[in-house]
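# Breakdown of the fold
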Amino acid sequence: MSIKPAIIAGSGLLSMPNLVIDEALLVNTQWGQPSGPVYKGRLQGVDVLFMARHGDAHTIPPHKVNYRANIGALKKEGATHVLAYNAVGGIGADCETGKFVVADQIIDYTWGREHTYYDGTEEDLEHIEFTSPYNEALRQVLISAAASAGVTVVNQGVYGATQGPRLESGAEIKRMERDGCDIVGMTGMPEVALAREKTLPYASLSLVVNAAAGKTSGPIAMADIEQILAERIPVVCDILSRACVLVSKQMHVN
Ligand code: HPA
């Protein structure tokens, strides 16, 4: 089987400058329409798939993303691994704005999302193993890719997945901190669990775009988030490109 990493791109990343697109696939799935086309192409000569999680015009809010269709479409088009990029708020002391985190754990605070393929319509029912939600080998690929780009990352941490689209209250962040969360984002779940259900190794590169609610004086300013995104998205692209090359070299069995 040929290796084909798929990138699911979050806020601020709608395309990659070095992605050579061969085809834009409009994929229909039994779970409905994905967020947008699945772009089939090449990054540094590696066959990849690319999808913008919030759609090509960034119009789909986190709670309305059809996560099942997105993962289903990528699987259907031959994805062998999923590299996700997420913008997040920083909670932990080492998760300052502008830093990258490769989470190794997740806590789900979302509700009402279609969060499983085993919803009673499938013949079989499987309770997936989820002790370690992220694929460790793929996490190490992201960490190595960042190192090769000269970027230090926080190489473990707990991602708290909230419902959105509003940001959290100060008390909610305090509670998440007590729970052990290091970063907070709105799209980590159910994506990582659905990938596990479809047996797709999945890891995520999180970019801290703001200090979480109550972690700095004053309100969170969208303009500041935009500025961080503008500065750091080229680095996200660099790390993801390097990760795709590493996946193609290292992961012939998995
Ligand atoms: N909270 C939740 N999601 C986010 C944040 C945040 O502070 N920043 C970016 N995505």
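Residues numbered from 1 in each chain as written. Predicted model: local features only at pLDDT ≥ 70, side-chain atom pairs only at ≥ 80, totals over all residues. Heavy atoms only, no water.

Turning next to the side chain of E191. Positionally, E191 belongs in helix 4 (residues 191-197). Reaching out from E191, the side chain makes a polar contact with the side chain of Y202 at a distance of 2.5 Å. The contacts of E191, once residues within four sequence positions are left out, are I8, R53, Y67, I71, A84 and Y202. (Helix = DSSP H or I, 4+ residues; strand = E, 2+ residues; numbered from the N terminus. Polar contact = N/O pair within 3.5 Å; in protein donor to acceptor, adjacent residues only side chain to side chain. Contact = heavy atoms within 4.5 Å.)

In terms of burial, strand 4 (residues 46-52) is a largely internal element, 6 of the 7 residues being buried. Across 4 bridges, strand 1 (residues 5-9) lies against strand 4 in parallel orientation. Note on strand 4: the bridge partner recorded for I7 is F50. Two strands pair when backbone bridges link them, and strand 3 (residues 38-43) and strand 4 are joined in this way by 5 bridges, in the antiparallel orientation. Considered in strand 4, the bridge of G41 is made with V48. (Buried < 20%, exposed > 50% of the residue type's maximum accessible area, 1.4 Å probe, protein only. Pairing = 2+ DSSP bridges.)

Covalent bonding between the sulfur atoms of two cysteines defines a disulfide. Evaluated as defined, the whole model comprises 0 disulfides. Here C237 stays unpaired: no disulfide links it, and the sulfur of C244, its closest cysteine neighbor, is 11 Å away. (Disulfide = S-S within 2.5 Å.)

Turning to the side chain of S204, a few remarks are in order. Among the secondary structure elements, S204 is positioned in strand 11 (residues 202-211). At 2.7 Å, the side chain of S204 and the side chain of N86 are in polar contact. If we skip the residues at most four places from it in the chain, S204 touches A84, N86, V101, V102, A103, Y134 and L142.

Quick look at the site of the ligand now. The local shell around the ligand consists of A87, V88, G89, L167, E168, V184, G185, M186, V209 and N210. Between the ligand and G89, the relevant distance is 3.3 Å, taken from a nitrogen atom to a main-chain nitrogen or oxygen of the residue. When atoms are counted within 2 Å of each cavity's grid points, the one that captures over half of the ligand is the largest pocket. Listing elements by their share of the shell around the ligand, those giving two or more residues are strand 5 (81-90), strand 10 (183-185) and strand 11. (Near = heavy atom within 4 Å. 1 Å grid on protein atoms, 1.4 Å probe; cavity = no way out; pocket = protein on both sides within 12 Å on 5 of 7 lines; lining within 4 Å. Sits in = over half its atoms within 2 Å of the grid points.)

It is the rolling of a water-molecule-sized probe over the atoms that shows where space remains empty. A volume near 570 Å³ is recorded for the largest pocket. Lining of the largest pocket is provided by 30 residues; of these, S11, A87, L167, M186 and I225 occupy positions nearest its centre. Where the lining of the largest pocket is concerned, the elements lending two or more residues are strand 5, strand 10, strand 11 and helix 5 (222-250). Here the lining of the largest pocket is composed, by residue class, of 16 nonpolar, 11 polar and 3 charged. (Points joined across faces, edges and corners; volume = space filled by probe spheres on them. Nonpolar A, V, L, I, M, F, W, Y, C, P; charged D, E, K, R; others polar.)

Let's shift gears to the pattern of salt bridges. Per the counting criterion, the structure on display carries 10 salt bridges. For the salt bridge of E172 with R166, the shortest nitrogen-to-oxygen distance reads 2.9 Å. The exposure class of R166 is exposed, given its relative accessible area of 53%. Each of R68, E114 and D119 takes part in one network of salt bridges that share partners. (Salt bridge = Lys/Arg side-chain N within 4 Å of Asp/Glu carboxyl O.)

This brings us to the environment of S241. The residue S241 is located in helix 5 in this model. Of the residues examined, S241 reaches a relative accessible area of 3% and is grouped as buried. Once the C-alpha coordinates of S241 and A145 are considered, the two residues, 96 residues apart in sequence, prove to be 8.3 Å apart. Beyond its immediate chain neighbours, meaning those up to four positions away, S241 contacts M16, N18, L43 and Q44.

Note that all results are geometric; they support no functional claim without further evidence.
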